[in-house]
Amino acid sequence: MKTLNRYIFTFLTATAVLGFQGCEKALELDPLGGIEKEEVFSSEANIKSLLNSIYTVIGSDKWSNGRVQQFNDLLGDEFFGAQLGSTKGEIYNRNTSVFNDDIKGLHKEPYYAIQRSNQVLDNIGIVSAGFKDNAEGQAKFARALGHFDLVKLFAQPYNTNTDNAHPGIILQLTVSVESAVARATVKQVYDQIILDLKDAEAKLPSQNGIYPTKWAAKALLARVYFQMNKFTEAYTYANDVLANGLSVRGQSYAQIGYTDLAYADRFSVAGSKESIFEVVNEAGLSGRSNSYRDLYKSEGGNPDMKVMNSFYTANTGDANDKRGAAWYVAGTSSDWKMLKKFDVQNFTTTLIHFTEMKLIRAESAAETGLNLPVGIADLNDIKSRAYGTAAALLPGNASASLLKDQVRTQREKEMIGEGDRAQQIKRIGAKGEISFSRGVVWNCNGMILQFPGTEFNLNPLFVKNPEGGCN
């Protein structure tokens, strides 16, 4: 998937108004853009434009252009946020309020994409037979992605309770939204995400130009199942992607020369060779990734997202590890260090990649005790890429426990700054292991975000998250 400005329908990006405040209204399109609401759903061309606008939302600075990554990272233990201002400082200090406008922006943005996806699905009958499955697959992929990113941040994780009946988020599956809607359970949310992704997997093609493919749907399913601690399913989907799938650029894992890939590849202007799903910039237009860059970049010497000294030391202590030189800068502060992983201007934002699939497959192999040689090979590939000939490879007879420990270590190194760490802390805790983030337990109240006040002020059935942080 690539988000290209030239494909975006002007009325949707410049003048569309989504009448979504809490859940009190259905989608409303402002006719001032020159196209009446009725015309939006009168032709396949307009449906395609509506689909394109969904990727503009996904790639916005209120969602995947740095905000969802940053908010997840602030809940984790890799970054130093003691100097942040009130709205982001609340997240770092794990005590968010109903008045936090930054959280409000993130909460609304995925629902914009979900609403537009529902509009596509509601009007799928006007789409030609040759494009119908593709359109439906894209809409369901986007709807699943939106619900998944929201439920991870605003609800306690899957397996927090054995029946998963604890409060999740509002599921939005129709165009018309009632004013009084209760939060679905976490189980209901995950069930719907999986249903949408399996439909997308079945309907999307293997190659789809600039749009998500069946391999993107399968890769996201691997991520979803892994977050649920359903390791058999996670292994199956990650294995399928690695064995049979194609990158955004139409190459299989076997064709990309993985162990020789430079670490600058993951967030580069041209786009990563290992990317399965991404948001891309377009030359000559404002950088769609620059908000992400500005939050983390080492240039200027004082980014929002500063690396904890302990993580800097752990990730740069071995001179043979190429990631240390490629991704970190010491700077001048004694309190924190910096990442340069995102320093490239106008980089293509890689959202799902082959490395994550290898990490999922390897840890799932360790958790199930099955296919251990495959998991060991995955870990050794990741280590060979990082350390070259100096890599301390895991022997073929290594135990499942040792494999799991080493995969988790490599995951921390590989995924830093990509919004992954806090969700792994919560997943591991929900699995039953001891798990803390900066000294607090994985499921304390402050490890999930508080909903914006507009949500429950306008919706009498809505129950907000508990308050009190993690103290």
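Residues numbered from 1 in each chain as written. Predicted model: local features only at pLDDT ≥ 70, side-chain atom pairs only at ≥ 80, totals over all residues. Heavy atoms only, no water.

### Some remarks on the overall build of the protein chain
No. 1: Scanning the protein chain from terminus to terminus reveals 18 helices and 8 strands.
No. 2: Long-range pairs, those at least 24 residues apart, make up 72% of the contacts in the protein chain with a sequence separation of at least 6.
No. 3: Accessible surface computed for the protein chain: about 17,100 Å², of which carbon and sulfur atoms make up 49%. (Helix = DSSP H or I, 4+ residues; strand = E, 2+ residues; numbered from the N terminus. Contact = heavy atoms within 4.5 Å. Areas by Shrake-Rupley, 256 points an atom, 1.4 Å probe, with all protein chains shown as cover.)

### Description of the pattern of salt bridges
No. 1: Going through the model one piece at a time under the given rule, you end up with 39 salt bridges.
No. 2: One salt bridge in this structure joins D378 and K358, with 2.7 Å as the shortest N-O distance. Within this pair, whereas D378 is found in helix α15 (residues 372-387), its partner K358 is found in helix α14 (residues 354-368), the two being separated by 20 residues in sequence. Take D378 and K358: they sit in the same class, and that class is buried.
No. 3: Put simply, R408 and E433 hold a salt bridge, and the shortest N to O gap is 2.9 Å. Here R408 is found in helix α16 (residues 400-415), whereas its partner E433 is found in the loop between α17 (421-430) and β7 (436-437), with 25 residues between them in sequence. (Salt bridge = Lys/Arg side-chain N within 4 Å of Asp/Glu carboxyl O. Buried < 20%, exposed > 50% of the residue type's maximum accessible area, 1.4 Å probe, protein only.)

### Section: the pairing of strand β6 (residues 349-353)
No. 1: Here β6 lies mainly inside the structure; 5 of its 5 residues are buried.
No. 2: Two strands pair when backbone bridges link them, and strand β2 (residues 275-279) and β6 are joined in this way by 4 bridges, in the antiparallel orientation. For V279, the partnering residue across the bridge sits in β6 and is T349. (Pairing = 2+ DSSP bridges.)

### A few points about helix α6 (residues 101-122)
No. 1: Its 22 residues give α6 an end-to-end C-alpha distance of 31 Å, which sits within 8% of 32 Å, the value for a rise of 1.5 Å per residue.
No. 2: Counting buried positions over the 22 residues of α6 gives 18, a clear majority of the element.
No. 3: Of the residues flanking the start of α6, the one acting as N-cap is N100, its side-chain oxygen 3.1 Å from the backbone nitrogen of D102. (Expected span 1.5 Å × (residues − 1). Polar contact = N/O pair within 3.5 Å; in protein donor to acceptor, adjacent residues only side chain to side chain.)

### What to know about the confidence of the model for the protein chain
No. 1: Of all residues in the protein chain, 90% have pLDDT values of 70 or greater, and the mean over the chain is 90.
No. 2: Throughout residues 1-35 the model reports pLDDT below 50, and contacts reaching past four residues in sequence, or to other chains, amount to 99 contacts. (pLDDT = per-residue confidence, 0-100.)

### Description of a nonpolar patch on the surface
No. 1: A surface patch of nonpolar side chains, about 310 Å² in accessible area, is lined by I434, F436 and V441.
No. 2: Mapped onto the secondary structure, V441 falls in strand β8 (residues 440-441).
No. 3: On the accessibility criterion, V441 (31% relative accessible area) is partly exposed. (Patch = residues over 30% accessible without salt bridge, like charges linked within 9 Å, V, L, I, M, F, W, Y side chains within 5 Å.)

### A short note on the packing of aromatic side chains
No. 1: Taken as a whole, this structure holds 22 aromatic pairs when the rule is applied.
No. 2: Ring centres of Y253 and F354 lie 5.7 Å apart, and the angle between their planes is 75°; this geometry places the pair in the edge-to-face category. Separated by 101 residues along the polypeptide, Y253 in the loop between α10 (231-244) and β2 and F354 in helix α14 bring together distant segments of the chain.
No. 3: Note on Y292 and Y296: the rings are 5.5 Å apart at their centroids and 70° apart in plane angle, and the pair reads as edge-to-face. In this pair, Y292 and Y296 both sit in helix α11 (residues 290-296), 4 residues apart, roughly one turn of the helix.
No. 4: Judged by its relative accessible area of 1%, Y292 falls in the buried class.
No. 5: Here K48 stacks its cationic end above the ring of F131, 4.7 Å away from the centre of that ring. (Phe/Tyr/Trp six-rings, centres within 6.5 Å; stacked < 30°, edge-to-face > 60°. Lys NZ or Arg CZ within 6 Å of the ring centre and 35° of its normal.)

### Regarding the environment of P212
No. 1: With respect to the secondary-structure elements, P212 resides in the loop between α8 (186-203) and α9 (214-227).
No. 2: P212 sits in the buried class, given a relative accessible area of 0%.
No. 3: Spatially, the C-alpha atoms of P212 and F277 are 6.6 Å apart, while their sequence positions differ by 65 residues.

### Some words on the packing of α15 against α16
No. 1: Running from amino to carboxyl end, α15 crosses α16 at an angle of 35°, the nearest separation of the two axes being 10 Å. When you trace α15 past α16, the crossing you get is left-handed. Contacts from L372, G375, I376, L379, I382, K383 and Y387 of α15 reach α16 at A400, L403, Q406, V407, Q410, K413 and E414.
No. 2: When the residues that make up the contact of α15 with α16 are grouped by side-chain class, the tally is 8 nonpolar, 3 polar and 3 charged. (Axes fitted to C-alpha atoms, helices over the stretch in contact; angles between N-to-C directions. Left-handed = near helix turned anticlockwise from the far one by under 90°. Nonpolar A, V, L, I, M, F, W, Y, C, P; charged D, E, K, R; others polar.)

### Some thoughts on the packing of helix α7 (residues 129-154) against α9
No. 1: For the pair α7 and α9, the least separation of the axes is 11 Å and the interaxial angle reads 25°. Here α7 is positioned roughly parallel relative to α9, judged by the angle of their axes. Two packed elements cross with a definite hand, and for α7 against α9 that hand is left-handed. Residues F141, L145, F148 and K152 of α7 form the contact with α9, whose own contacting residues are A216, A217, L220, R223, V224 and Q227. (Parallel < 35°, antiparallel > 145°, perpendicular 65-115°, else oblique.)

### Things to note about unusual backbone geometry
No. 1: Not every positive phi belongs to a glycine, and N159 is a case in point at roughly 80°.
No. 2: Within the secondary structure layout, N159 lies in the loop between α7 and α8.
No. 3: In the Ramachandran plot, R438 falls in the positive-phi region, its phi being about 50° despite a non-glycine side chain.
No. 4: One can find R438 in the loop between β7 and β8.

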